[in-house]
Amino acid sequence: MTARTIRLAVIGGDGIGPEVVAEAIKVIRAAAINVAVETISYDLGSQRWHRTGEILPDSVLAEIAGQDAILFGAVGDPSVPSALLERGLVLRLRFELDQYVNLRPVRLYPGVASPSSGLRPEAVDILVVREGTEGPYVEAGGVLRKGTPQEVAIQQSMNTAFGVSRVARYALQRAASRPGKKLTLVHKANVLAYAGDLWCRTVAAEAAAFTDVTADYCHMDAASIYLVTQPERFDVIVTDNLFGDILTALGAVVAGGIGLAASASINPERTAPSLFEPVHGSAPDLAGQHKADPTAAILSAAMLCEHIGLAGAAARIEQAVAEDLVERQGAWAARSTPQIGDDIAERVAG
């Protein structure tokens, strides 16, 4: 008997995006027991832009905003001007739907090789909480005398006490729920004096209410070193938009590669749907060949399930992925995208 229906907005996007998203949906359906999963697919990405000149029409945005969650593949194509789709689609969804928490786990699974030699899986279990709607990604700035030798480009970073407070509070809540109960603010306060000071003071003020959480600070450059050499130093990291983008890319590599890296853009107040996507790009050279690893998309689906209250389904997906990663080191190494999805879905269904 079906007890619940969830409605997913599905944006496959470009390149390998539709392929990996298809496997994530397959696994969600296998894991979500007694739940009807309704998917609404949206044609957004490079092909629509080439065909119509549209990126994200207001009417489509309004429809997506009415769904329970968004499952996103990847966006980007060399035939489209740089940043056009990224800003017009991905960032617009984050800003318009107030997805101010960009959540990226950095976890090394047993059986996965890390380029950082000697790392044990238990040493790499980090949750990075990246602010998602402020910083340098806000379109503040401009260009003077473009195309001339005297060109000037100004890109400003916008940081507000309101924005920093709410993302810090979310990160502290997550830290309080984890065994390590530690929060590290990563910034560059010794150079970025204005923004750094705001972040340090605001995080400290919010941390005062979480007496069971240890809060500390680390410069961005030092954090990059420690993430590779001593990842066990970190439990939950909170940082700004740009630093979080860079740090989590490095973390994904430490944890075995971006093919295993999941992410979510969260609206914690649930006033609009949150978005779940693999960290990797569209990889247009692999499109249509079924060579892409859908594991990151599947782990993003686990985050989606957890967010919408399907904790059991999320746990089953994560366990199935962990078992698959151990076993694929042997005879299962060469499988197609659908085969990996089938194998993980079969494990989930049990």
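Residues numbered from 1 in each chain as written. Predicted model: local features only at pLDDT ≥ 70, side-chain atom pairs only at ≥ 80, totals over all residues. Heavy atoms only, no water.

**Some thoughts on the packing of helix α7 (residues 220–229) against helix α8 (residues 241–254)**
Here comes step 1: Taken N-terminus to C-terminus, the directions of α7 and α8 make an angle of 15°; their axes are 10 Å apart at the nearest point. Taken together, the axes of α7 and α8 lie roughly parallel to each other. The interaxial crossing formed by α7 with α8 has right-handed handedness. Contact residues: M220, A223, S224, L227 and V228 in α7; F243, I246, L247, L250, G251 and V254 in α8. (Axes fitted to C-alpha atoms, helices over the stretch in contact; angles between N-to-C directions. Helix = DSSP H or I, 4+ residues; strand = E, 2+ residues; numbered from the N terminus. Parallel < 35°, antiparallel > 145°, perpendicular 65-115°, else oblique. Left-handed = near helix turned anticlockwise from the far one by under 90°. Contact = heavy atoms within 4.5 Å.)

**Points about the pairing of strand β4 (residues 101–107)**
Here comes step 1: Judged by how many residues are buried, β4 sits mostly within the fold: five of seven residues are covered.
Here comes step 2: Pairing of β4 with strand β5 (residues 125–131) involves seven bridges; the strand directions are antiparallel. The residue bridging N102 from the neighbouring strand is R130, located in β5.
Here comes step 3: The sheet contact formed by β4 and strand β11 (residues 262–266) spans three bridges and is antiparallel. Residue N102 lies in a different strand from β11, and its bridge partner there is S265. (Buried < 20%, exposed > 50% of the residue type's maximum accessible area, 1.4 Å probe, protein only. Pairing = 2+ DSSP bridges.)

**Re the packing of aromatic side chains**
Here comes step 1: The tally for this structure, following the rule as stated, stands at zero aromatic pairs.
Here comes step 2: The ring of Y100 carries R166 above its face, with NZ or CZ at 3.7 Å from the centroid.
Here comes step 3: Between the NZ or CZ atom of R233 and the centre of the ring of Y226, over which it lies, the distance is 3.6 Å. (Phe/Tyr/Trp six-rings, centres within 6.5 Å; stacked < 30°, edge-to-face > 60°. Lys NZ or Arg CZ within 6 Å of the ring centre and 35° of its normal.)

**Considering the state of the cysteines**
Here comes step 1: On inspection of all chains with the given rule, the structure shows zero disulfides.
Here comes step 2: Unpaired in terms of disulfides, C218 finds its nearest cysteine sulfur in C200, a separation of 11 Å. (Disulfide = S-S within 2.5 Å.)

**Overview of the nonpolar core**
Here comes step 1: Ranked by internal contacts, the top residues of the largest apolar core, which has 85 residues, are L103, V129, L183 and I317.
Here comes step 2: In terms of residue count, the dominant contributor to this core is helix α9 (residues 295–307) (eight residues).
Here comes step 3: Aside from chain neighbours lying at most four places away, what touches L103 is L127, V128, V129, Y170, R174, A262, S263, A264, I266 and M303.
Here comes step 4: Counting 20 residues, the second-largest nonpolar core is a separate cluster that includes I11, L56, I70 and V90. (Core = buried A, V, L, I, M, F, W, Y, C linked by side-chain atoms within 4.5 Å.)

**Structural notes on the environment of N159**
Here comes step 1: With respect to the element layout, N159 can be found in the loop between β7 (152–155) and α5 (161–176).
Here comes step 2: A C-alpha to C-alpha distance of 42 Å links N159 and V348, two positions 189 residues apart in sequence.
Here comes step 3: Leaving out residues up to four positions away in the same chain, N159 has contacts with E134, G135, A195, L198 and W199.
Here comes step 4: Side-chain polar atoms of N159 contact the side chain of S157, separated by 3.1 Å.
Here comes step 5: Among the polar contacts made by the side chain of N159, one reaches the side chain of W199 at a distance of 3.1 Å. (Polar contact = N/O pair within 3.5 Å; in protein donor to acceptor, adjacent residues only side chain to side chain.)

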